Amino acid sequence: GNSVTQMEGPVTLSEEAFLTINCTYTATGYPSLFWYVQYPGEGLQLLLKATKADDKGSNKGFEATYRKETTSFHLEKGSVQVSDSAVYFCAVMNTGFQKLVFGTGTRLLVSP
Amino acid sequence: EAEVAQSPRYKITEKSQAVAFWCDPISGHATLYWYRQILGQGPELLVQFQDESVVDDSQLPKDRFSAERLKGVDSTLKIQPAELGDSAMYLCATATGGPETQYFGPGTRLLVL
């Protein structure tokens, strides 16, 4: 079945630092890839997605590129803010199977 | 902005007791999902409804868990009897289309003592 591996956290950064959270996946066929964010006390929210190889998803300054050759979908942001502190989940879904499979999540802590 | 509502937000219960969680979807969302999120892990799908019908319950421990969505609107997830390993966050999500369109509720955090 599908699976996702994320880097362990917490990732601790100072405000305005560059962020990378690594994500690699295992899936058959041509899956879609997602990043979700979970702020404290809230439900998961879709942050960005990419549906085919070389697509770049972007939102709120975050971006991730679907790399089929390396089966990766790393999340990046050029300058993080304190308000970005949250848990970030990478997820994969096969078009045919229609079920999201999540990684274990990476907690990001941004200090002023 | 419309939101998925869940209650209670927190529940503490003793082993072998029954617990129930409630989810009120965004109006018009035909698809409803229940997930379990164990601390330090990602959400795992327990059951998926399309209107009032179960589409996928392959990961639902049916000996103790049950879920219903009688009128195709709100839904209840029940555990009877609760076990220590059931301590987790239970998330409800609803969607108008595929899983990528789902909106998550804030979750119910369950602690079984």
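Relevant structure appears above.
These figures come from a predicted structure and were not determined experimentally. (Residues numbered from 1 in each chain as written. Chains lettered and ligands numbered in written order. Predicted model: local features only at pLDDT ≥ 70, side-chain atom pairs only at ≥ 80, totals over all residues. Heavy atoms only, no water.)

A. Expanded view of the pattern of salt bridges. Residue and element names in this part refer to chain B. Applying the stated criterion to the full structure yields eight salt bridges over all chains. Between Glu44 and Arg36 there is a salt bridge; the shortest N-O distance is 3.7 Å. On the basis of relative accessibility, which here comes to 13%, the residue Arg36 falls in the buried class. Residues joined by salt bridges that share partners form a network here, namely Arg64, Glu83 and Asp86. (Salt bridge = Lys/Arg side-chain N within 4 Å of Asp/Glu carboxyl O. Buried < 20%, exposed > 50% of the residue type's maximum accessible area, 1.4 Å probe, protein only.)

B. Focus on the state of the cysteines. Across all of its chains, the model carries two disulfides over all chains by this definition. Two residues share a disulfide in this structure: Cys23 of chain A and Cys90 of chain A, whose sulfurs sit 2.0 Å from each other. Residues Cys23 of chain A and Cys90 of chain A share a disulfide whose torsion about the S-S bond is about -70 degrees; that sign makes it left-handed. Note that Cys23 of chain A is positioned in strand β4 (residues 23-26) and Cys90 of chain A in strand β10 (residues 86-93), a separation of 67 residues in sequence. For the residue pair Cys23 of chain A and Cys90 of chain A, the accessibility class agrees, reading buried in each case. A disulfide bridge connects Cys23 of chain B with Cys92 of chain B, and the sulfur atoms are separated by 1.9 Å. (Disulfide = S-S within 2.5 Å. Helix = DSSP H or I, 4+ residues; strand = E, 2+ residues; numbered from the N terminus.)

C. Broad picture of the sheet that holds strand β3 (residues 19-24) of chain B. Residues and elements named next belong to chain B. Ordered by their spatial adjacency, four strands build an open sheet running β1-β3-β8-β7, and the pairing between neighbours is antiparallel. Each of the sheet's edge strands pairs with one partner strand only, and the pair in question is β1 (5-7) and β7 (65-68). Along the sheet, successive strands turn relative to each other by an average axial angle of 15 degrees, direction set aside. Of the pairings in the sheet, the one linking β3 to strand β8 (residues 75-79) comprises five bridges and is antiparallel in character. Its bridge partner being in β8, Trp22 is matched across the sheet by Thr76. (Pairing = 2+ DSSP bridges. Axes fitted to C-alpha atoms, helices over the stretch in contact; angles between N-to-C directions.)

D. Highlighting the sheet that holds strand β3 (residues 19-21) of chain A. Residue and element names in this part refer to chain A. Reading across from one edge, β3-β9-β8-β7 is the order of the four strands in this open sheet, with antiparallel pairing throughout. Strand pairing shows two members of the sheet lacking a second neighbour, β3 and β7 (56-59), which therefore form its edges. This sheet shows a mean twist of 20 degrees between the axes of neighbouring strands, independent of strand direction.

E. Looking closely at the environment of Gly103 of chain A. On the secondary structure map, Gly103 of chain A appears in the loop between β11 (100-102) and β12 (106-111). In this structure the C-alpha to C-alpha distance between Gly103 of chain A and Val11 of chain A, which are 92 residues apart in sequence, comes to 16 Å. Apart from residues no more than four positions distant in its own chain, Gly103 of chain A is found in contact with Val4, Gln6, Phe89 and Cys90 of chain A together with Gln41 and Gly42 of chain B. (Contact = heavy atoms within 4.5 Å.)

F. Main features of the interface of chain B and chain A. If you look at the interface, chain B gives 20 residues, while chain A gives 17 residues. Three residues stand out in chain B for area buried against chain A, namely Pro99, Glu100 and Phe104 of chain B, and they jointly supply 39% of the buried area on that side. Counting across the interface, chain B meets chain A through one salt bridge. A salt bridge links Lys99 of chain A to Asp56 of chain B; the shortest N-O distance between them is 3.2 Å. Along the contact surface separating chain B from chain A lie three residue pairs in polar contact (both at pLDDT 80 or more). When residues of the side of chain B that touches chain A are traced back to their parent elements, those giving at least two are β4 (31-37) and β5 (44-50) of chain B. Per-class residue counts for the side of chain B that touches chain A are seven nonpolar, ten polar and three charged. (Buried area = accessible area lost by both parts, 1.4 Å probe. Polar contact = N/O pair within 3.5 Å; in protein donor to acceptor, adjacent residues only side chain to side chain. Nonpolar A, V, L, I, M, F, W, Y, C, P; charged D, E, K, R; others polar.)

G. Main features of the side chain of Thr65 of chain A. Residue and element names in this part refer to chain A. Structurally, the position occupied by Thr65 is in strand β8 (residues 62-65). With a relative accessible area of 16%, Thr65 lands in the buried category. Not counting residues within four places of it along the chain, the set of residues in contact with Thr65 comprises Asp54, Asp55, Lys56, Ser72, Phe73 and His74.

H. Layout of the packing of aromatic side chains. Within this structure, the stated rule accounts for twelve aromatic pairs over all chains. Judged by centre distance (5.9 Å) and plane angle (80 degrees), the ring pair of Tyr36 of chain A and Phe104 of chain B falls under edge-to-face. A residue pair is termed interchain when its members come from two chains, as with Tyr36 of chain A in strand β5 (residues 32-38) and Phe104 of chain B in strand β10 (residues 103-104). Owing to a relative accessible area of 0%, Tyr36 of chain A belongs among the buried residues under this scheme. Looking at Phe104 of chain B, the relative accessible area reads 9%, which means it is buried. (Phe/Tyr/Trp six-rings, centres within 6.5 Å; stacked < 30°, edge-to-face > 60°.)

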